[in-house]
Amino acid sequence: MRQFRALLWFAVIAMLVLFMLGPLAIVVVFSFNSGALVSLPLTGFSLDWYRELFSSDEFWAAFRNSLAVAVPTALLATVTGTMTALALTRKSASASVPLLTALSVPIMIPPLVVAIGLVVLYVRWLSIPLGIGAVIGGHLLLTQPLVALVVSARMASFDRVALEAARDLGATPWQAFRYVTLPQIRAALVGAALLAFAISLDEFIITIFTIGSGNTLSTFVWGKMRTSLDPSINAIATLLLVVTIGSTAIALRMTRYRG
Amino acid sequence: MRGFESEDPILRLAGLGKRFGHADVVKDIELTIPRGSFTAILGPSGCGKSTLLRMIGGLTLPTSGRIEIDGEDVTYTPPQKRPTNTVFQSHGLFAHMSVHENVAFGLSLAGRPREEISDRVADALKLVRLSGFEGRTVDRLSGGQQQRVALARALVMRPKILLLDEPLSALDLKLRQAMQEELRAIHLDTGGTFIFVTHDQAEAFALGDRLIVMNQGRIEQAGPPGEVYARPRSRFAAEFVGDANFLTGKRNNGRVALDIGVQFDLPGPDGMLNLMLRPEAARLHTAGADSREDGRISVEGVIKEVVDLGPFAQCRFDLGGGHHIEISGIPRTMIGEIAVGSRVSASWPKSALVDVTP
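In this text, all values refer to a predicted model and were calculated from it rather than measured experimentally.

(A) Layout of the overall build of chain B. Secondary structure summary: chain B contains eight helices and 20 strands in total. Expressed along its principal axes, the backbone C-alpha trace of chain B runs to roughly 75 × 45 × 35 Å. The long-range share in chain B, meaning contacts at least 24 apart out of those at least 6 apart in sequence, stands at 64%. Surface accessibility of chain B: about 16500 Å² in total, with carbon and sulfur atoms responsible for 48%. Once the 42 positive and 44 negative side-chain charges of chain B are each reduced to a mean point, those two points are 3 Å apart.

What follows is the structure, given as structure tokens:
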């Protein structure tokens, strides 16, 4: 009986894993398959789809746009989100919790509503042209509250007396931040920046509404799926997978995060 | 012991006050602290003593008044530019740094040469008996060791005034006593000016050569500890620095009539009177010993309760009419003679009575 239950558990877990990781495995496997159809049997190992992708100017344009959006988004969101969190830690909980919740509203309402609102705001009121800058603005709306939440959580266990001690020992407010606060929240900052980067990289709805013309990787893939379902999409997905896992691994190593 | 109005003050506070919203946390403090002294600021929690210390260190800005350190106005000088350093109650150590880096922090910010830093850090760690701990991370240290790192980190800066905010309150009794001894030795060694905030009167007496009693944002009394104990100026000061009996009465033409039914001459203004008597100043007289010496006030009463404290005993002495006093410091040899319920006399010198009438 016990053996049967153990077996059942194993089966359930195996199916969960299969269901969640299966599509990823299929994407990776077929990106290296020579056939043009995503169907068995496999026809042979090939790098053709990568070759095709890398020779496509459209791909490189989308790739550059993605970086041009995700890198500034990650940096700006980390700076402003951290400043928000640091400012909030000086307030009492009864003041900081509602403020943080108010700042998090953009994550809680449907992205479609945010996207439409942004377009109206940009075009009608601010006369800001749609494009990369407009996308960054939209992504900041989504990523900055997440950074603020992550950093606030870290600051909750931060010893504020240590900051006063630093000031007392001759540090200016900036030096106290630089030598006492920053080293202790660095891991949280890198984590938050990566989170913002990842969210921005695969964000689709706000991007397609506010980019005007041109593509990022997510809108490029979407466009390709509407016209031709060829395995070079699998190649893009595999690349994104490698970039995300790789950068996370590097960040964890950099921040000496253990467990 | 130094006189209270020193010729060479290192710190001068004039009309210093701090208001948070509508609450005056510190009110109109006038105070001078002489160079090289060890001052204990004593008061109940919420009396404004920590706020006063923070204002001296620059961590809290005053809302009124003036702070002078060594003749220089530092009222609005930021903490990093003041010649003061603080040992915090909860240490405030830098958790991501080693012991050496913690102690070296202030000196490296000041841009001192590397050799000087390592020499001075080594000296400071030796002073607090933590030599050999340089490479440890601070979270691997015990509470007492962390306390000593915090002390070394402040001392290494050679502050004109070292501020200590209840630094020992987080430690257990044995460690606290050991640290008190070390603090006294370090004060002698360095010859610096220490200001120490505490709510523990025993600690204030053990450490300070000067005592400031604070209550509700004001200085209740300031002076050498022995003087504050023997001649408190208010009921609050009397009770806060030790145990006290209070005897109420009236004075008319220099003749005092206490409510416990005793009369004697004591010059002063007419009116209601409140006199303080320390429990150890009264003496019990058994077996009809003559208690009517010159200048002593003598009363009759009944022993109500005896507590044997080991070296001494104390008792509750009922004077009738709902009045009673505590008498302590009763020698062991007398314990057998003072049975509960026995009727004896007690006396004290007139000079032991301190007028604390508001």
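(B) Structural view of the overall build of chain A. Counting its secondary structure elements, chain A contains 12 helices and zero strands. Here the C-alpha coordinates of chain A stretch approximately 70 × 65 × 35 Å along the principal axes. Here chain A holds 259 residues, and 37% of them are scored as buried. Relative to all contacts within chain A whose residues are 6 or more apart in sequence, the contacts with residues 24 or more apart total 69%. Here chain A displays about 15100 Å² of accessible surface, and carbon together with sulfur accounts for 72% of that area. Distance between charge centres in chain A, computed from 17 positive and 10 negative side chains, equals 11 Å.

(C) Structural detail: the sheet that holds strand E19 (residues 343–349) of chain B. All names here are of chain B. Spatially, the five strands line up as an open sheet ordered E15-E19-E16-E17-E18, and their pairing is antiparallel. The sheet terminates laterally at strand E15 (283–285) and strand E18 (323–331), the two strands that pair on one side only. Neighbour-to-neighbour, the strand axes of the sheet open up by a mean angle of 45°, direction not taken into account.

(D) Layout of the pairing of strand E7 (residues 161–165) of chain B. Residue and element names in this part refer to chain B. For E7, the tally of buried residues reaches five of five residues, placing the bulk of the element in the interior. Taking every second residue as pointing to the same face, both faces of E7 are buried, with Ile161, Leu163 and Asp165 on one and Leu162 and Leu164 on the other. Alignment of strand E6 (residues 84–87) against E7, held across four bridges, turns out to be parallel. Bridged to Thr86 within E7 is Leu163. For E7 and strand E8 (residues 193–198), the ladder comprises five bridges, and the chain directions are parallel. In the strand pairing of E8, Leu164 is matched with Phe196. Where the polypeptide runs from E7 across helix H5 (residues 173–190) and back to E8, its parallel neighbour, the crossover connection is right-handed.

(E) Main features of the sheet that holds strand E9 (residues 210–215) of chain B. Residue and element names in this part refer to chain B. Taken in spatial order, the six strands line up as E6-E7-E8-E3-E9-E10 in an open sheet, and their pairing is mixed. Whereas interior strands pair on both sides, the edge strands pair on one side only; in this sheet they are E6 and strand E10 (218–223). Strand-to-strand twist of the sheet, defined as the mean angle between neighbouring strand axes without regard to direction, takes the value 20°. Lying over the sheet, H5 contacts strand E3 (38–42), E7 and E8, oriented at roughly 160° with respect to E8.

(F) Highlighting unusual backbone geometry. All names here are of chain B. Even without glycine at this site, Asp70 takes up a positive phi of about 55°. Topologically, Asp70 is positioned in the loop between strand E4 (64–69) and strand E5 (72–73). Phi at Asn253 is positive, roughly 55°, even though this residue is not glycine. The residue Asn253 is located in the loop between strand E11 (245–252) and strand E12 (255–258) in this model.

(G) Inspection of the environment of Gly81 of chain A at higher detail. All names here are of chain A. Positionally, Gly81 belongs in helix H3 (residues 57–89). With relative accessibility at 0%, the residue Gly81 sits in the buried group. As for Gly81 and Ser152, which are separated by 71 residues in sequence, their C-alpha atoms are 9.2 Å apart. Setting aside residues no more than four positions away along its own chain, Gly81 makes contact with Leu76, Gln144, Val147 and Ala148.

(H) Looking closely at the pairing of strand E1 (residues 9–20) of chain B. Residues and elements named next belong to chain B. Note that E1 and strand E2 (residues 23–34) share eight bridges and pair antiparallel. Note on E2: the bridge partner recorded for Arg19 is Asp24. What sits between E1 and E2 in their antiparallel hairpin is a turn of two residues, with Gly21 showing a positive phi close to 65°.

(I) Examining the interface of chain A and chain B more closely. Taken together, the contact between chain A and chain B spans 18 residues of the former and 23 residues of the latter. The junction of chain A with chain B conceals about 1600 Å² of combined surface from both sides, 60% of it contributed by carbon and sulfur atoms. In terms of surface lost to chain B, no three residues of chain A exceed Glu164, Asp168 and Leu169 of chain A, which account for 41% of the buried area on that side. Applying the counting rule to chain A against chain B returns one salt bridge. The partner of Glu164 of chain A in a salt bridge is Arg54 of chain B, and the shortest N-O contact between them spans 2.6 Å.

(J) A look at the packing of aromatic side chains. One pass over the full model with this rule turns up 15 aromatic pairs over all chains. With 5.6 Å between their ring centres and 35° between their planes, Trp174 of chain A and Phe177 of chain A make a pair best called tilted. Linking Trp174 of chain A with Phe177 of chain A, this pair stays in helix H9 (residues 173–202), spanning three residues, or about one helical turn. For Trp174 of chain A, a relative accessible area of 57% gives the class exposed. Taken together, the ring pairs in this structure connect Phe32, Tyr50, Phe54, Phe59, Trp60, Phe63 and Phe220 of chain A into an aromatic cluster. Between the NZ or CZ atom of Arg153 of chain B and the centre of the ring of Phe94 of chain B, over which it lies, the distance is 4.6 Å. Directly above the ring of Tyr229 of chain B sits Arg278 of chain B, whose terminal nitrogen or CZ lies 4.0 Å from the centroid.

(K) Seen up close, the pattern of salt bridges. Residues and elements named next belong to chain B. Taken as a whole and assessed by the stated rule, the structure comprises 19 salt bridges over all chains. For Asp24, the salt bridge identified is with Arg19, shortest N-O distance 3.2 Å. Residue classification places Asp24 among the partly exposed residues on the basis of a relative accessible area of 35%. A relative accessible area of 39% means that Arg19 is categorised as partly exposed. In this structure, Arg35 engages Asp70 in a salt bridge whose closest nitrogen and oxygen atoms are separated by 2.8 Å. Note that Arg35 is positioned in the loop between E2 and E3 and Asp70 in the loop between E4 and E5, a separation of 35 residues in sequence. Look at Arg35 and you get partly exposed, because its relative accessible area is 33%. Through salt bridges with shared partners, a single ionic network connects Asp8, Arg35, Asp70 and Lys160.

(L) The arrangement of the nonpolar core in detail. Grouped together as the largest cluster of nonpolar side chains are 33 residues, with contacts concentrated most on Val103, Leu125, Leu151, Leu162, Leu164, Leu183 and Phe194 of chain B. Every element with two or more residues in this core is listed here: helix H2 (99–109), helix H3 (114–127), helix H4 (143–155), E7, H5 and E8 of chain B. Those residues within four positions of Leu183 of chain B in sequence are excluded, and the remaining contacts are Phe38, Leu151, Leu164, Leu168, Phe194, Phe196 and Leu207 of chain B. Counting residues in each nonpolar core, the second largest holds 31 residues, with Leu163, Ala171 and Ile185 of chain A together with Phe94 of chain B among its members.

Cut-off values and rules
- Residues numbered from 1 in each chain as written.
- Chains lettered and ligands numbered in written order.
- Predicted model: local features only at pLDDT ≥ 70, side-chain atom pairs only at ≥ 80, totals over all residues.
- Heavy atoms only, no water.
- Helix = DSSP H or I, 4+ residues; strand = E, 2+ residues; numbered from the N terminus.
- Contact = heavy atoms within 4.5 Å.
- Areas by Shrake-Rupley, 256 points an atom, 1.4 Å probe, with all protein chains shown as cover.
- Lys, Arg positive; Asp, Glu negative; His and termini not counted.
- Charge placed at Lys NZ, Arg CZ, Asp CG, Glu CD.
- Buried < 20%, exposed > 50% of the residue type's maximum accessible area, 1.4 Å probe, protein only.
- Pairing = 2+ DSSP bridges.
- Axes fitted to C-alpha atoms, helices over the stretch in contact; angles between N-to-C directions.
- Right-handed = clockwise from strand over helix to strand, strands pointing away.
- Buried area = accessible area lost by both parts, 1.4 Å probe.
- Salt bridge = Lys/Arg side-chain N within 4 Å of Asp/Glu carboxyl O.
- Phe/Tyr/Trp six-rings, centres within 6.5 Å; stacked < 30°, edge-to-face > 60°.
- Lys NZ or Arg CZ within 6 Å of the ring centre and 35° of its normal.
- Core = buried A, V, L, I, M, F, W, Y, C linked by side-chain atoms within 4.5 Å.

Keep in mind these numbers describe shape, not what the thing actually does.
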